[in-house]
Amino acid sequence: MSSRIEQIIEEIEEYIDRDCKYQPLSTTKIIVNKEHLDELLRELRMKTPDEIKRYQKIISNRDAILADAQAKADAMLEEAQVQTNELVSEHEIMQQAYAQANEIVTQATAQAQEILDNATMDANAIRVGAIQYTDDLLANAESIIGHTLDSYTTKYDGLINSLQECYDVVRTNRAELEIPTEDEMNYNQESNME
């Protein structure tokens, strides 16, 4: 079952692939509806902390797993100690009791260590998975936002270049007009009268 964050990212990808049209004369730049994309990104921002909390809760369970493993190990050691005391109470079987007690303690210690090792490995795997998952989600969001920023930057750069070209044409046309001054006009009239 996918998370809401994954669904939002899929919606953003579908929107870009299906609903966005290419900019004129471009095969890589697209035009997006800013309000629609902002709404999807807003929801993504609101859902991300919930997902992170969910994985933090999983990671926090590691302490409970380790505590349970420690309790089982302590119980095994206590049971081994009880059995050792019972066996040692009789003098004739003292050596046998000692050997059995040591074997039980060794087994209990090995089992307890195995439980602790497995619990630690599971907790670390869950933590790494949660961090990787969150990083993947944020990387997808970062890519989408960066693509949108690139698109808008290119669009506004094109507008500024067009305005600059228009401005240059107007200045050039004005320079070509060369409106005569009042003195030049008077001189031309006197020349024509002669």
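Just so we're clear, the structure is a prediction, and the values are computed from it rather than from any experiment.

## Let's talk about a negative patch on the surface
Stage number 1. A grouping of E176, E178, E182, D183 and E184 is seen on the molecular surface, where their side chains present a negatively charged patch.
Stage number 2. If one sorts the elements of the negative patch by residue count, helix α4 (residues 182-193) sits on top with three residues.
Stage number 3. Looking at the secondary structure, you find D183 in helix α4.
Stage number 4. A residue is classified by how much of its surface remains accessible, and D183, at 62% relative accessible area, is exposed.

## Things to note about the confidence of the model for the chain
Stage number 1. On average, residues of the chain score 85 in pLDDT, and 96% of them reach the 70 mark or higher.
Stage number 2. Here α4 is the element of the chain with the lowest mean pLDDT, 74, and strand β2 (residues 30-31) is the one with the highest, 90.

## Some details on the pattern of salt bridges
Stage number 1. With the rule as written, the count across this model stands at six salt bridges.
Stage number 2. Between D19 and R18 there is a salt bridge whose closest N-O contact spans 3.4 Å.
Stage number 3. The exposure class assigned to D19 is partly exposed, which follows from its relative accessible area of 42%.
Stage number 4. For the salt bridge of D68 with K72, the shortest nitrogen-to-oxygen distance reads 3.5 Å. Taken as a pair, D68 and K72 lie in helix α2 (residues 34-88) at a separation of four residues, close to a single helical turn.
Stage number 5. Taking the relative accessible area as the measure of exposure, D68 reaches 41% and is therefore partly exposed.
Stage number 6. For K72, a relative accessible area of 43% corresponds to the partly exposed category.

Cut-offs used in this document
- Residues numbered from 1 in each chain as written.
- Predicted model: local features only at pLDDT ≥ 70, side-chain atom pairs only at ≥ 80, totals over all residues.
- Heavy atoms only, no water.
- Patch = residues over 30% accessible without salt bridge, like charges linked within 9 Å, V, L, I, M, F, W, Y side chains within 5 Å.
- Areas by Shrake-Rupley, 256 points an atom, 1.4 Å probe, with all protein chains shown as cover.
- Salt bridge = Lys/Arg side-chain N within 4 Å of Asp/Glu carboxyl O.
- Lys, Arg positive; Asp, Glu negative; His and termini not counted.
- Charge placed at Lys NZ, Arg CZ, Asp CG, Glu CD.
- Helix = DSSP H or I, 4+ residues; strand = E, 2+ residues; numbered from the N terminus.
- Buried < 20%, exposed > 50% of the residue type's maximum accessible area, 1.4 Å probe, protein only.
- pLDDT = per-residue confidence, 0-100.

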